[in-house]
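Descriptive structure summary
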Amino acid sequence: MDQNIAIIVLSDDDDDCTTSLDDSSVLIVDDSDENRAVADVLKSNEILDEDLTITYAQKAHVLPHARYDCTIPFCCTEGVVLGPENNNAAYCEQCFCYVCDKPASACTFWAIPGFCHCNAHKRSVYWKSLRDKNVMGYLSELNFPFNPQDMDSDLRHAEISLQQFACSLALKYAAYLAGFQNPNSPICSHSADRRKEDCKECSTQHSKPLEYSYVGVMEHICTFLDESMKQTPKTCTIMLLGAVKLFITHSSPRNSRLADTVSNIVLRLLWRVTSKVQTLFVDADFPAAFTNELLQFFQALPLPPDCRWLRNSLNVLPWDDPLLSAVLKGQNVTGERHVRGRRSEALFETIVVIQARVCKLQQENRYRELARYLKVVKTDSIPVLQIMKDWIPLYLCKIGDYNGAVDALFSSSCGSSCTASRLSLPQFCAYLRILMSGHAPSDIPQPPQLDFVPRSGVILKSQPDPLQSSDWMFVEGGYSLLKRLDVLKFALRVLHCNSTVFAHPESWVRVLNLDGMSSSNSDGVKESTALAEPDLNFLIRTRETVMGILTELTRSSRIHIPKSFLKVYPDQAMLLLATQALAARILHSRLRPILSVIMMFKLNPWAVRWLFHSLTVRPNVLQDLLCVVVEELFKETVPPFLSTEDTLGHSFIASFLCLFFLEHSVVLDPDSYPTSALLVRWNESKYPWQNYLRQQLEFNEAILTQEKHRILQMIRWSLHQQ
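Residues numbered from 1 in each chain as written. Predicted model: local features only at pLDDT ≥ 70, side-chain atom pairs only at ≥ 80, totals over all residues. Heavy atoms only, no water.

Let's talk about the overall build of the protein
The helix and strand tally for the protein stands at 27 helices and 14 strands. Taken over 722 residues, the protein has a buried fraction of 44%. Considering only residue pairs separated by 6 or more positions, the protein has 68% of its internal contacts joining residues 24 or more positions apart. For the protein, the accessible surface area stands at approximately 37,600 Å², while carbon and sulfur atoms represent 52% of it. (Helix = DSSP H or I, 4+ residues; strand = E, 2+ residues; numbered from the N terminus. Buried < 20%, exposed > 50% of the residue type's maximum accessible area, 1.4 Å probe, protein only. Contact = heavy atoms within 4.5 Å. Areas by Shrake-Rupley, 256 points an atom, 1.4 Å probe, with all protein chains shown as cover.)

Focus on helix α20 (residues 570–588)
Here α20 spans 28 Å end to end across 19 residues, near enough to the 27 Å set by a 1.5 Å rise per residue. Burial analysis of α20 places 14 of its 19 residues in the buried class, the great majority of the element. (Expected span 1.5 Å × (residues − 1).)

Overview of a nonpolar patch on the surface
Taken together, the side chains of F109, I112 and F115 define a hydrophobic patch exposed on the protein surface, amounting to about 240 Å² of accessible area. Relative to the helices and strands, F109 is located in the loop between β6 (95–96) and α2 (125–136). (Patch = residues over 30% accessible without salt bridge, like charges linked within 9 Å, V, L, I, M, F, W, Y side chains within 5 Å. Salt bridge = Lys/Arg side-chain N within 4 Å of Asp/Glu carboxyl O.)

A closer look at the pattern of salt bridges
Counting across every chain of the model gives 23 salt bridges. Here E533 makes a salt bridge to R609, at a shortest N to O gap of 3.3 Å. Residue E533 is found in the loop between α18 (505–512) and α19 (536–556), and its partner R609 is found in helix α22 (residues 605–615); the two are separated by 76 residues along the sequence. Relative accessible area serves as the criterion here: at 39%, R609 is assigned to the partly exposed category. Residues participating in the shared-partner salt-bridge network are E684, R694, E698, E701 and R716.

Considering the packing of aromatic side chains
In the structure shown here, the tally under the stated rule is 24 aromatic pairs. One aromatic cluster in this structure is built from F144, F146, F281, F286, F290 and F297. For the cation-ring pair, R433 lies above W472, with the distance from its terminal atom to the ring centre recorded as 3.8 Å. (Phe/Tyr/Trp six-rings, centres within 6.5 Å; stacked < 30°, edge-to-face > 60°. Lys NZ or Arg CZ within 6 Å of the ring centre and 35° of its normal.)

Re the nonpolar core
Counting residues in each nonpolar core, the largest one holds 189 residues, and the members touching the most others are F144, I238, L374, F490 and L693. Top element by residues in this core is helix α7 (residues 259–284). It accounts for 12 residues. Residues in contact with F144, not counting those within four places in the same chain, are L139, L162, I238, L241, G242, L294 and F297. Among the nonpolar cores identified, the runner-up in size contains 17 residues, and V81, C100, C116 and W127 belong to it. (Core = buried A, V, L, I, M, F, W, Y, C linked by side-chain atoms within 4.5 Å.)

Focus on helix α11 (residues 367–376)
Among all positions of α11, only Y367, L370, A371, Y373, L374 and V376 are buried. On its buried side, α11 packs onto α9 (322–328), α10 (351–363), α12 (382–389) and α13 (392–398).

Regarding the confidence of the model for the protein
Summarising the model, the protein shows a mean pLDDT of 84, and 85% of its residues fall at 70 or more. In this model residues 1–44 is a low-confidence stretch, pLDDT under 50, and it forms 58 contacts with partners more than four residues away in sequence or in other chains. In this model residues 516–525 is a low-confidence stretch, pLDDT under 50, and it forms 27 contacts with partners more than four residues away in sequence or in other chains. (pLDDT = per-residue confidence, 0-100.)

Quick look at the structure:
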């Protein structure tokens, strides 16, 4: 047996207040050299029974203990404080005060009448209450309903901080109530000398009025709140709610004009505290017992009338709430729960709680659960919630659920329009890139920052748009990408419901870039490919089909494409569908700049002829289109998509302009714009497309009208003069 092992024997007898040495609560048997020298050590083995043999023994050391556990006789009484009971004032060196939790010799109130801590013991309701109050310290004075057994370092730190804050705040508030005299304020309002202290028109001696400023108190409170938020979640929560108890009763002095000002400041401070505590309840996920104690404390506060709407603001659902849990798991898709014999229960949370849950689920990459939650949760701040709901499609894209993302973009709830109708142009382009490439932004949406204005409500602070991030990454483990036809259908539906995207030329560049092209790269941009020109019968049939598809889109906001539409020339059919949609856009209103859109047909000139034919129903639109194109061609800066060396591009532009000369419904006058500008600035060396245009006009000279033939002659004359 190891000779250095110490044995501690604890008594199980807790019922007797009077103990003897044999019944000491703690005995230590220690094998040391000093104890071996003691004369009364038992040297021989003594058999007490057949199972236990004492081979060595020594006198026990008594550890620190409460007075009522001491070997000195103790008399138990209930709340006796007039004086020591019997021999209770006596104590040994190891006796501790039950109330103060310090050595009996250091207790200031050990035997003082009216206190008599020497009579304290754990079976007395009075003494236990006094001890609990002493253990809790200032938290007990603030009426926090904590159990003293739960007092830990977090609660102790909060207790010390609140006690110090209470003292400093009391001084600040007293100084505010005392007021101050402004030496620059006028004394008399009747005389020319406003500093005159005696005025014949006044019956009394003038006195300087007192002025009050709550700014110093407010700044002191804000400093404490800021410091609280640097602590651990548990300490922070207690410090914030304790601070509310200390400033919630602040008001303005009588006859002061600051009543509304102070009331608004208190309301704003209270909203700040409750918002932070709500966030902590979501992030820290405190034990239910601790949360209930905080709720009990907050609901007992004397809130002013303007703040009573915040009374139940801390009733935050725990993460394991049955309804919330069912929504996150996808077991409840409505956010409502029907209990027999009760009213239906809906998932309703404050906007601050929703914001906190969104942040936490984002941090844990639980995008599927986040989308489920945002789809069904309700709040009283609908505009703010809608901002967060608009990010549901992006969350679904991040997990590769592209069909779900498209459905979410076009779904509407609570009477609001669909998310697709609110997309900006960069967002529309970003979603096209996601759907075509399978890459998504690395950034995550940040919930809008909230700020509270008393009597006005919550205002928002804008946040960066993650869809405009430059850092993109491949979506791992997602579903397969959408087919190009499905992406085109998505784009056309957005163009139909979103006037901003519909009006911008870049939108049409992106849409035309989807059709009849090779697979996309990581940034969603595709290289155009030349498609074979379909036969005439196909073009005629397709025009009718396309018109029917777009008519249905206008009527029902949905697109149904027959299977036969893609049977013969699938790529060409999709390009013609987008081209006809572009024609509808040009017929709707002027589209400028348009040259970049026209250049998307460079490798498929047969499609631009389809576009031109679709516009012939409105000759005035063709006339205006020509003006816009000529104006852009003569700009000082060369378009990046039409360099001087781009022979194919210049030839294509010439072919497009030639269509206006060959169309009899388009009237061109040499003396009016744009023909006049074309003639004045004819310079084939500077504008290579003019050379190709002249050659095509000469090739079709026989079918030109008289006026257009005259224009060709003027071009030749201008060229001869050069």
